[in-house]
Amino acid sequence: MSRKWHISFTLWASSSLLPRRYVVPTRGCSGGEGSQVCGHTHRHLHIFRNKLTCYKSCQTGSHVSQSIIDRTCLINTTIFRGQPPFMTVQELQRAFEIYVSGHVPAHLLDIRDIGTTSSVNDVKLLTREHVRSTARLRIEALTEADILANRALLGCEEWEDWRFGDLTPLLRMHLKYAIFSHRWLSTGEPPFHGVSTGTTPCGDGCTKLLNFCKKAKEFGCDYAWSDTCCIDKTSSAELEEAIRSMYRWYSSAEVCITYLGASSSVKDFEAEPWFTRGWTLQELLAPRRSKFYGKEWMPILPQIPLESNDKEQDELSSAIERVTGIPRHQLIAFRPGCSRAWEKLLWASRRTTTRLEDMAYCLIGILDINMPIAYGEGEWAFHRLMEVVMQRCDEPEIFAWVGLPSRYSLVLPSSPACYGGILDPKSATTLRLEPSQNQQILPAWSSNIGDRTFTLTKHGLEIDLLMIDVEMVEIDESAEHHGDAWLTLRPDWDLPGGTRAKETIRVHTDIRRLYLEPQWMLGVVNYEKASANHGRLRAGTTYLCFLLGSPYDPTKWTKFYTRNFLILPCEHDMEGLLRRVCLRQRSTTQEYLPWLKATKMYG
């Protein structure tokens, strides 16, 4: 039986074409071969005539005994009569093998025999294959009746076939592991080699790990995972797998146990270092269920039952939202991906990592992208991350950043900190970059705002901008940074009656980079599309702009970095021609930087 036939039959049978109740004869039937209906008058409907158990009660009433079935039973009986199931229990076992390979860490701590007096050296470190072989016995013992008993767990309605449901929750139920989120100590964390050989010296790190294992046991888990001792960092292959799979591991865990060593209650969250680390961002967003512990391993929410999800509690989620700026609904049901990438980068803007490369690697799972891991590449790691994001993101909101650009491209930010300007409520409101309000995760700007066909090439960023000529009004070089200046620019618009524009825009930038770019223009990013080739600005609205310069080629421009958002207030309705421009990866200033330094024109 094909899947197409199954879907067609289910839709047909679930409609009003079939009655809700049927009389099924238990004996006295004289139906044809393979039939359970009597030999009297019945309504047979085309190709379904040999499939249905009974369409209507027999009109003669000659049955010795009868039983009542409903439409759901009829559908299930019909679909599988004499047909092979769509996914046998063997298929479930194959799904289990795939699940273990993708959702279970390479090493896990065995906490099944841990007791109140155990030490870290009593905890065994198991490989994924060992865990697989143990859990496989449980999966092989499952029958279809066991699976049907957990139909709700699979997200199936009563009339749906479990074989088309999501089997992950069922598999997860038979392989439970807890995962640890914490801030590393400067010294004393138990290493992989010490735990695997049972030679870990006692210390604060071992005490923390042991307490985590005991808490994990309380949640009914057989296994536990900690990033301090469950990754063999001498194996580059295992380290890379861990970094690229870590978000999925946190998402698949039965519970994430979070230890906040500097907090006793939600009132202490403002000073909690855990909220300032890069890796803990995905450890906050990915888990389906989290439990927070503070000093002395006391629950942050002691009044909440153990089986509850702390992230769903208003007291804790409100405190986290206040500290991190992450909306409550995102904490509970976050979905990774490059949609609203600017917002995800904003959440990471005030976080730090010990290794420079980790500031990029800790965002791989959150943005749901794939890139090789190569420690030692430094700033190049975040540059590569943004290149991948630009390939998958079509939202012009991604350009709402300020500060130093990447060393390798003027059109890409150097770090997530460049998105920190949106943290200012005034800037966020002006740019119309408000936090997401629900789980639909819609773009901040509507589809007719800005260019959604921009492309990053080896030459630069190709994008449609509404270009505006500007004139210099004032230069204030009293800025605190050497070489910086505040520029006041005025749009050179043709207004009715020959009047001059009153709007001005303030720019905080390094004026030394403007020497070799004599032609300046503004490029409006979030214009409204009036037609395929024209953009519109509306009176009373503010717009995000680029400051662009070009010495000779009107199609190749340089985007100057600025320390502030370039916000253009518009006092009149304006409409202009859109231009496809290429914003170069490197500027003329960069190309001639050695010469500029030699002549002392550039500090």
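So, here's what we can say about the structure. Because the structure is a prediction, the values reported are computed rather than measured. (Residues numbered from 1 in each chain as written. Predicted model: local features only at pLDDT ≥ 70, side-chain atom pairs only at ≥ 80, totals over all residues. Heavy atoms only, no water.)

Quick word on the pairing of strand β15 (residues 519–524)
Point 1. In terms of strand pairing, strand β12 (residues 460–476) meets β15 through 4 bridges, oriented antiparallel. Residue pairing for β15: Ile468 is matched across the bridge by Leu522.
Point 2. Pairing of β15 with strand β18 (residues 542–550) involves 6 bridges; the strand directions are antiparallel. Bridge pairing links Leu522 to Leu547 in β18. (Pairing = 2+ DSSP bridges. Helix = DSSP H or I, 4+ residues; strand = E, 2+ residues; numbered from the N terminus.)

Examining the pairing of strand β8 (residues 290–293)
Point 1. Covered by surrounding structure in β8 are Ser290 and Phe292 together with Lys291 and Tyr293, the residues of both alternating faces.
Point 2. Pairing between strand β7 (residues 255–259) and β8: 4 bridges, direction parallel. Looking at β8, one finds that Ile257 is bridged to Lys291.
Point 3. Taking the sense of rotation as the criterion, the β-α-β connection linking β7, helix α10 (residues 279–285) and β8 turns out right-handed. (Buried < 20%, exposed > 50% of the residue type's maximum accessible area, 1.4 Å probe, protein only. Right-handed = clockwise from strand over helix to strand, strands pointing away.)

Side note on the side chain of Thr353
Point 1. Looking at the secondary structure, you find Thr353 in the loop between α13 (341–347) and α14 (358–361).
Point 2. A polar side-chain atom of Thr353 sits 3.4 Å from the main-chain amide nitrogen of Met359.
Point 3. Thr353 has contacts with Arg277, Gly278, Asp358 and Met359, leaving out every residue within four places of it along the chain. (Polar contact = N/O pair within 3.5 Å; in protein donor to acceptor, adjacent residues only side chain to side chain. Contact = heavy atoms within 4.5 Å.)

Some points on the pattern of salt bridges
Point 1. Per the counting criterion, the structure on display carries 23 salt bridges.
Point 2. Across the pair Arg563 and Asp484 runs a salt bridge whose closest N-O atoms are separated by 2.4 Å. Of the two residues, Arg563 is situated in the loop between β19 (556–559) and β20 (566–569) and Asp484 in strand β13 (residues 484–491); the sequence distance between them amounts to 79 residues.
Point 3. Judged by relative accessible area, which is 35%, Arg563 ranks as partly exposed.
Point 4. Across the salt bridge formed by Arg536 and Glu575, the nearest N and O atoms sit 3.8 Å from each other. Of this pair, Arg536 sits in strand β17 (residues 534–537) while Glu575 is found in strand β21 (residues 574–584), placing the two residues 39 residues apart along the sequence.
Point 5. Here the residues in one salt-bridge network are Glu97, Glu129, Arg132 and Arg136, joined through shared partners. (Salt bridge = Lys/Arg side-chain N within 4 Å of Asp/Glu carboxyl O.)

Quick word on the nonpolar core
Point 1. Of all hydrophobic cores here, the largest spans 132 residues; its most connected members are Leu109, Phe269, Leu363 and Ile398.
Point 2. For this core, the element with the most residues is helix α16 (residues 380–392), which contributes 7 residues.
Point 3. In contact with Ile398, other than residues within four places in its own chain, are Ala341, Trp342, Leu345, Met386, Val389, Met390, Cys393, Tyr419 and Phe454.
Point 4. Formed by 24 residues, the second largest nonpolar core is a distinct cluster that contains Leu522, Val524, Cys545 and Cys570. (Core = buried A, V, L, I, M, F, W, Y, C linked by side-chain atoms within 4.5 Å.)

Overview of the sheet that holds β8
Point 1. Spatial strand order, β4-β3-β6-β5-β7-β8: 6 strands in an open sheet with mixed pairing. Either end of the sheet is taken by a strand with one partner, and the two such strands are β4 (124–127) and β8. Taken pair by pair, the neighbouring strands of this sheet meet at an average axis angle of 30°, ignoring direction.
Point 2. Where strand β5 (residues 177–181) meets β7, 4 bridges bridge the pair, whose relative direction is parallel. The residue bridging Phe180 from the neighbouring strand is Ile257, located in β7.
Point 3. The strands touched by helix α8 (residues 204–218) within the sheet are β3 (107–110), β5, β6 (223–225), β7 and β8, with β5 carrying the most contacts at an inclination of about 145°.
Point 4. Sitting on the sheet, helix α9 (residues 236–252) is in contact with β3, β5, β6 and β7, with an inclination near 110° to β5. (Axes fitted to C-alpha atoms, helices over the stretch in contact; angles between N-to-C directions.)

Some points on helix α4 (residues 128–140)
Point 1. The end-to-end C-alpha distance of α4 is 18 Å, a good match for the 18 Å that 13 residues give at a rise of 1.5 Å each.
Point 2. Along α4, the positions that sit buried rather than exposed are Arg128, Val131, Arg132, Ala135 and Ile139. (Expected span 1.5 Å × (residues − 1).)

What to know about α16
Point 1. For α16, built from 13 residues, the straight-helix expectation of 18 Å at 1.5 Å per residue is met to within 8% by its first-to-last C-alpha distance of 19 Å.
Point 2. If you check which residues of α16 are buried, you get Ala381, Phe382, His383, Arg384, Leu385, Met386, Val388, Val389 and Met390.

A look at the packing of aromatic side chains
Point 1. As enumerated under the stated definition, the model contains 15 aromatic pairs in all.
Point 2. Measuring from centroid to centroid gives 5.7 Å for Tyr293 and Trp297, while their planes differ by 45°, and the two rings are tilted. The two residues Tyr293 and Trp297 agree in class, both being buried.
Point 3. The cationic tip of Arg432 hangs over the ring face of Tyr543; the distance from NZ or CZ to the ring centre is 5.8 Å.
Point 4. Sitting over the face of the ring of Trp401, Lys559 holds its NZ or CZ atom 4.2 Å from the ring centroid. (Phe/Tyr/Trp six-rings, centres within 6.5 Å; stacked < 30°, edge-to-face > 60°. Lys NZ or Arg CZ within 6 Å of the ring centre and 35° of its normal.)

A few points about the packing of helix α3 (residues 89–103) against α4
Point 1. At a closest axis distance of 11 Å, the pairing of α3 and α4 adopts a crossing angle of 155°. Relative to α4, α3 is oriented roughly antiparallel. In this structure, the crossing between α3 and α4 has a hand that is right-handed. Judged by residue contacts, Leu92, Gln93, Phe96, Glu97, Val100 and Ser101 of α3 engage Arg128, Arg132, Ala135, Arg136, Ile139 and Glu140 from α4.
Point 2. The residue inventory of the contact of α3 with α4, partitioned by class, reads 5 nonpolar, 2 polar and 5 charged. (Parallel < 35°, antiparallel > 145°, perpendicular 65-115°, else oblique. Left-handed = near helix turned anticlockwise from the far one by under 90°. Nonpolar A, V, L, I, M, F, W, Y, C, P; charged D, E, K, R; others polar.)

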